[in-house]
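# Architecture at a glance
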Amino acid sequence: MAESSPTSTKARKTRRRSIDSDPPSMSSSSGRLTEELQCSICLDVFTDPVTTSCGHNFCKTCLNKCWDNSQTCNCPYCKETFKHRPDLKINTTLRELVDHYKKKNPEKKPEVLKKPEVVCDVCEERKLKALKSCLVCQSSYCETHLEPHLRVAGLKKHKLINPVSNLEEYICQKHDKALELFCRDDQTCVCPICTVTDHKNHNTVPIEEESEEKKTQLMKTQKDVQQMIQDRIKKIQDVKHSAEVRKRNTEEEKAARVELFTDLIRSIERCQTELLEMMEEQQKTAEKQEEELIEELEQEITELKMRNTELEQLSHTEDHLHLLQIYSSLCSSRNSRNWPEISMKTDESLETLRRALTQLQDTLQEKLTLTDLKRMQQYAVDVTLDPDTAHPDLILSDDGKQVRDGDITQKLPDKPQRFDYCPIVLGKEGFSSGRFYFEVQVKGKTKWDLGVARESIIRKGEITESPGNGFWTVWLRNVNKYEACADHPVSLSLRVKPQRVGVFVDYEEGLVSFYDVESSSHIYSFTAQSFTGKLYPYFCPCHNNGGKNSTPLIITPVRYKK
């Protein structure tokens, strides 16, 4: 069969038809991965699911790898810390559910958008599927009509590609030649004639070579996009987890406040009853005293009236001797009482009321603080000092719970995390979310600093403690001078000298609070802070000061308030 000419071939391009396949159907909603069956570590359907004591599920392998790469064992979802590494047992019920889900929803690879089927340009009646397209002839051929290109010497030199329906896009519109090269200078495909004319002396390479390089870049971009997808899935999980934690904390807070105010209402009602009873008793006592006074006054009035009558009669007597004989007895005072001025004791009643209200206010404040402290103690964590951060002058106990200034500089490796100027040491474990609480005994010390610090703080040279520099601390100076190390230091007036200090942090709320544990009183709070990175417990026992400040700071177990 004779080959068609290029001209007639171009004319047939307008008549070329392609058989388009039907668009792929949308996958049913049942094939979507549900959150309940998704591991929050690998973000895939569970494999050998295990359940932690806090109630969260993970793939067994994922959780083991997570713990293998961490110094502590905590839940990757809610951050609850386990003192001992749990012995993980497969949750058989959940595994059966996952297996059932996988059978009903087999994993499907994403469908690639199907290209329209290209047909042979030479077939007259029944158009057969094209096997190749020729860039020189600018036509597509089925297996039969492609045979001359595989046999005839002149046609064997033609450029054959996989069949495409838009052949004109593979041809240089200026020179009517196949686009076989890529100009890297102008980032466009060119034909051989272009390389000696418009693109002379440009950096050109075969399109196959450029395509392979672009594929490599595409794979890298695809990998980046996949990572972005995973990051956003993880972000959604973090947001949902944060919302869940916030909701749970709000419910706990509401319950605690309801309990508090119920107690306060009872206290107010009891105080009101006691106050009213006391005022009623005072009223009865006053009324009794008034009745007795009136009775005495009325009796004395009767006596005085009788005397007045006698005097009246005597003033008209003509018996001079009798008058002189009884005058002395009638004119004497007869021991008449000098009655004091009567007044209402309103001041005393008001003072009693003021004392009762002051006592009620103190009770209210004490209950509020105690409730807060009890709630915060629920978030107690086990804090241990990190010797790699300790200043060389500091001496740490073997269990990592006590620190004091030894007055002697030890020879220790100058690690990047070690403080070299101020006698400071940090806790081993940092916290980047949630809430945590710890208590430190400061009894017997004349100077100390306590709080939390950002991981990125400066550790070499002199340090200024302030939130702007990554420190949220309070300190004691000169025996009784307490200050909060805010950006502008705040002097603290404390009723009693703290013996044990509680430190509470709510990462999401931006809150750092300090409490005097023994008196259940609030010391100071940093509020509306913005935390980034990990926060570490911060301890500064200050210098020994010739033995006056040699007592150590001691991290103590939390004794829960009742």
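This text follows the structure it describes.
Residues numbered from 1 in each chain as written. Predicted model: local features only at pLDDT ≥ 70, side-chain atom pairs only at ≥ 80, totals over all residues. Heavy atoms only, no water.

### Here we look at the pattern of salt bridges
Counting across every chain of the model gives 27 salt bridges. For K254, the salt bridge goes to E251, with nearest N and O atoms at 3.7 Å. One end of the pair is K254 and the other is E251, both in helix α6 (residues 207-315) and three residues apart, which spans about a single turn. Across the pair R500 and E518 runs a salt bridge whose closest N-O atoms are separated by 2.6 Å. Pair noted here: R500 is in strand β21 (residues 500-506) and E518 is in the loop between β22 (511-516) and β23 (521-526), with a separation of 18 residues, a long-range link. Accessibility expressed as a relative area gives 5% for R500, which makes it buried. Ionic contacts of the salt-bridge type, sharing partners, join the residues R184, E209, E210, E213 and K214 into one network. (Salt bridge = Lys/Arg side-chain N within 4 Å of Asp/Glu carboxyl O. Helix = DSSP H or I, 4+ residues; strand = E, 2+ residues; numbered from the N terminus. Buried < 20%, exposed > 50% of the residue type's maximum accessible area, 1.4 Å probe, protein only.)

### Some details on the packing of aromatic side chains
All told, the structure shown has ten aromatic pairs when counted by the stated rule. Aromatic side chains W472 and F531 sit 5.0 Å apart centroid to centroid with 90° between the ring planes, which places their arrangement in the edge-to-face category. With a gap of 59 residues between them, W472 in strand β18 (residues 471-477) and F531 in the loop between β23 and β24 (535-540) connect regions that are remote in the sequence. On the basis of relative accessibility, which here comes to 2%, the residue W472 falls in the buried class. Ring pairs connect the aromatic residues W472, Y507 and F531, which therefore count as one cluster. (Phe/Tyr/Trp six-rings, centres within 6.5 Å; stacked < 30°, edge-to-face > 60°.)

### Here we look at the packing of α6 against helix α7 (residues 320-331)
In contact at an axis separation of 11 Å, α6 and α7 are set at 155° when each is read in the N-to-C sense. Taken as axis vectors, α6 and α7 run roughly antiparallel relative to one another. The two elements α6 and α7 cross, and the hand of that crossing is left-handed. Of α7, the residues touching α6 (which contributes R307, E310, L311 and L314) are H322, L323, I326, L330 and C331. Among the residues forming the contact of α6 with α7, the class breakdown is six nonpolar, one polar and two charged. (Axes fitted to C-alpha atoms, helices over the stretch in contact; angles between N-to-C directions. Parallel < 35°, antiparallel > 145°, perpendicular 65-115°, else oblique. Left-handed = near helix turned anticlockwise from the far one by under 90°. Contact = heavy atoms within 4.5 Å. Nonpolar A, V, L, I, M, F, W, Y, C, P; charged D, E, K, R; others polar.)

### Side note on the side chain of Q237
Turning to its location among the elements, Q237 is positioned in helix α6. Classification of Q237 by relative accessible area gives buried; the value is 14%. Once you skip the residues sitting within four places of it in the chain, Q237 turns out to touch Q38, S40, L43 and Y77.

### Some words on the nonpolar core
Membership of the largest hydrophobic core comes to 35 residues, with the highest contact counts inside it found for W448 and F539. If near-sequence neighbours (up to four positions away) are discounted, W448 is found in contact with V442, V474, W475, L476, R477, Y482, V501, C540, C542 and L553. Counting residues in each nonpolar core, the second largest holds 18 residues, with V50, C62, C75 and L94 among its members. (Core = buried A, V, L, I, M, F, W, Y, C linked by side-chain atoms within 4.5 Å.)

### Details of the sheet that holds strand β17 (residues 448-454)
The antiparallel open sheet is built from six strands, whose spatial order is β15-β24-β17-β18-β19-β20. The open sheet has two edge strands with one neighbour each: β15 (425-426) and β20 (490-492). In this sheet, β20 lies alongside strand β19 (residues 481-484) in antiparallel orientation, the contact comprising three bridges. Residue pairing in the sheet places E483 in a bridge with S491 of β20. (Pairing = 2+ DSSP bridges.)

### Quick word on helix α4 (residues 143-151)
Looking only at α4, the buried set comprises H145, L146, P148 and H149. Here the buried residues of α4 occupy an arc of 135° about the axis, which is enough to place them on one side. What points out from α4, more than 90 degrees from its buried face, is the exposed set E143, T144, L150 and R151. (Arc of directions from axis to C-beta.)

### Overview of a negative patch on the surface
A contiguous patch of negative charge, built from E280, E281, E287, E290, E291, E292, E295 and E298, is present on the exposed surface. Topologically, E291 is positioned in helix α6. (Patch = residues over 30% accessible without salt bridge, like charges linked within 9 Å, V, L, I, M, F, W, Y side chains within 5 Å. Areas by Shrake-Rupley, 256 points an atom, 1.4 Å probe, with all protein chains shown as cover. Lys, Arg positive; Asp, Glu negative; His and termini not counted. Charge placed at Lys NZ, Arg CZ, Asp CG, Glu CD.)

### Overview of the sheet that holds β23
The sheet built from seven strands is open, its strands ordered β13-β14-β25-β16-β21-β22-β23 with antiparallel pairing. Pairing within the sheet leaves two strands with one partner each, and these edge strands are β13 (394-396) and β23. Averaged over all pairs of adjacent strands, the angle between their axes in this sheet comes to 20°, without regard to strand direction. Relative to β22, β21 is paired through six bridges, and the arrangement is antiparallel.

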